[in-house]
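Listed below are the residues making up each chain.
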Amino acid sequence: MSAVPGRALHYVFKIGDRGHNAFFFRSILGMQVLRHEEFKEGCNAECNGPYNNRWSKTMVGYGPESSHFVIELTYNYGVKSYELGNDFGGLTIRSSGVLARAAEHDYPLNKEGDLNVLSSPDGYKFYIIDEEEAEGNDPVKQVALNVTNLDASRKYWQELLQMEPLEENGDKNSLVLRYDGQNGKQAALCLRKINEPLNRAQAYGRIAFAVPGSVQEPLHKAVKAAGGTILKPLITLDTPGKATVSVLILADPDGHEICFVDEEGFGELSQVEPDGEKRLDKYIAKDPFQSEAYGNVGDKKKEKDNSAEEDDVESKAEEH
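Procedures and definitions
Residues numbered from 1 in each chain as written. Predicted model: local features only at pLDDT ≥ 70, side-chain atom pairs only at ≥ 80, totals over all residues. Heavy atoms only, no water. UniProt positions renumbered as here; feature names shortened; annotations may be inferred. Pairing = 2+ DSSP bridges. Helix = DSSP H or I, 4+ residues; strand = E, 2+ residues; numbered from the N terminus. Contact = heavy atoms within 4.5 Å. Axes fitted to C-alpha atoms, helices over the stretch in contact; angles between N-to-C directions. Core = buried A, V, L, I, M, F, W, Y, C linked by side-chain atoms within 4.5 Å. Buried < 20%, exposed > 50% of the residue type's maximum accessible area, 1.4 Å probe, protein only. pLDDT = per-residue confidence, 0-100.

- In the annotation of an unreviewed UniProt entry, the protein chain is listed under the name Glyoxalase domain-containing protein 4 and assigned to Drosophila lebanonensis.
- Its UniProt record gives the protein chain a comment under Sequence similarities (unreviewed entry), which states: "Belongs to the glyoxalase I family."

Structure below.
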């Protein structure tokens, strides 16, 4: 199989409280809501995990999904928390504003050696480089996954999935990779070796990449021929009112889930929604499972909007 012209898209977090997470990602990290979608039933590709219930997807980041690595927050109604494993290593952000906002809101800051660490309400780690990022660049620099066998991971991600190693990485216990299509501007993938069994627990996530649709079937065949794990063969996913996408879901030697979505469909699907933030706040306010305390210090609970318009179920978001 020839080189894969892909680019990194997002990482999926399962969250237990949308209000607290909305505060953390918006008011502390400084991200914006790019789009928000509500679904009545579980996803055929298990985007929300192994749950066949009502759920929502909120994409947050520092800019459009066409040019930035973002976070997908999946929320299953009624599930308040997930057991956190040791599979996710952390996400690195370069920004001169994050620590100032954390201090302003008395948000806990931890240290790992010289590294500044903020933890989301569900325990996901964010490493903050307290420096100004160049204008136009994505502040998200790297997403790290923990692995148990670096040689096996190298063979899988570099040789089979055709990601390119970055020469500047000199750590023998980690491997940093990127696809050509990222042009050095989007977050790189870092695989870090740990000396303990990997536990993905309940909160396990998924990393997503976009590739041309013509690449998906050859990639599918290559992984199958190599004896790799295919969690979901090439299937199509519909979001009413939006574009249909085709996805291939794989798992690496440690069970990390990997989604390859067609660039053509995803480019249409991932358009920024002008009303995404408003719709997220509306559904948080209406959520019977939402805690009374919305957010952290300095944030107030959003008032419920009882107007008929706000109570209408939006067909594009409520059907899957």
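What follows picks up the thread again.
1. Describing the sheet that holds strand S10 (residues 164–165)
Here is step 1 of the chain: Strands sit in the order S6-S7-S8-S5-S9-S12-S11-S10 across an open sheet of 8 strands; the sheet is mixed. Across the chains shown, the open sheet's two edge strands, defined by having one partner strand only, are strand S6 (110–112) and S10.
Here is step 2 of the chain: Where helix H3 (residues 150–160) meets the sheet, it contacts strand S9 (140–147), S10, strand S11 (174–178) and strand S12 (188–193), and its direction lies at approximately 5° from that of S11.

2. A look at the nonpolar core
Here is step 1 of the chain: Of all hydrophobic cores here, the largest spans 64 residues; its most connected members are Phe 13, Phe 25, Leu 29, Phe 126, Trp 157, Leu 161 and Phe 260.
Here is step 2 of the chain: Among the elements that line this core, the one with the most residues is helix H1 (residues 18–28), at 5 residues.
Here is step 3 of the chain: Phe 260 has contacts with Leu 161, Tyr 179, Phe 209, Val 211, Gln 216, Leu 219, Ser 246, Val 247, Leu 248 and Leu 250, leaving out every residue within four places of it along the chain.
Here is step 4 of the chain: In this structure, Phe 39, Cys 43, Cys 47 and Leu 237 belong to the second largest nonpolar core, which totals 17 residues.

3. Quick word on the confidence of the model for the protein chain
Here is step 1 of the chain: The share of residues in the protein chain with pLDDT of 70 or more is 88%, and the mean pLDDT across the chain is 89.
Here is step 2 of the chain: Between residues 293–320, whose pLDDT stays under 50, and residues either more than four places distant or in other chains, the model counts 65 contacts.

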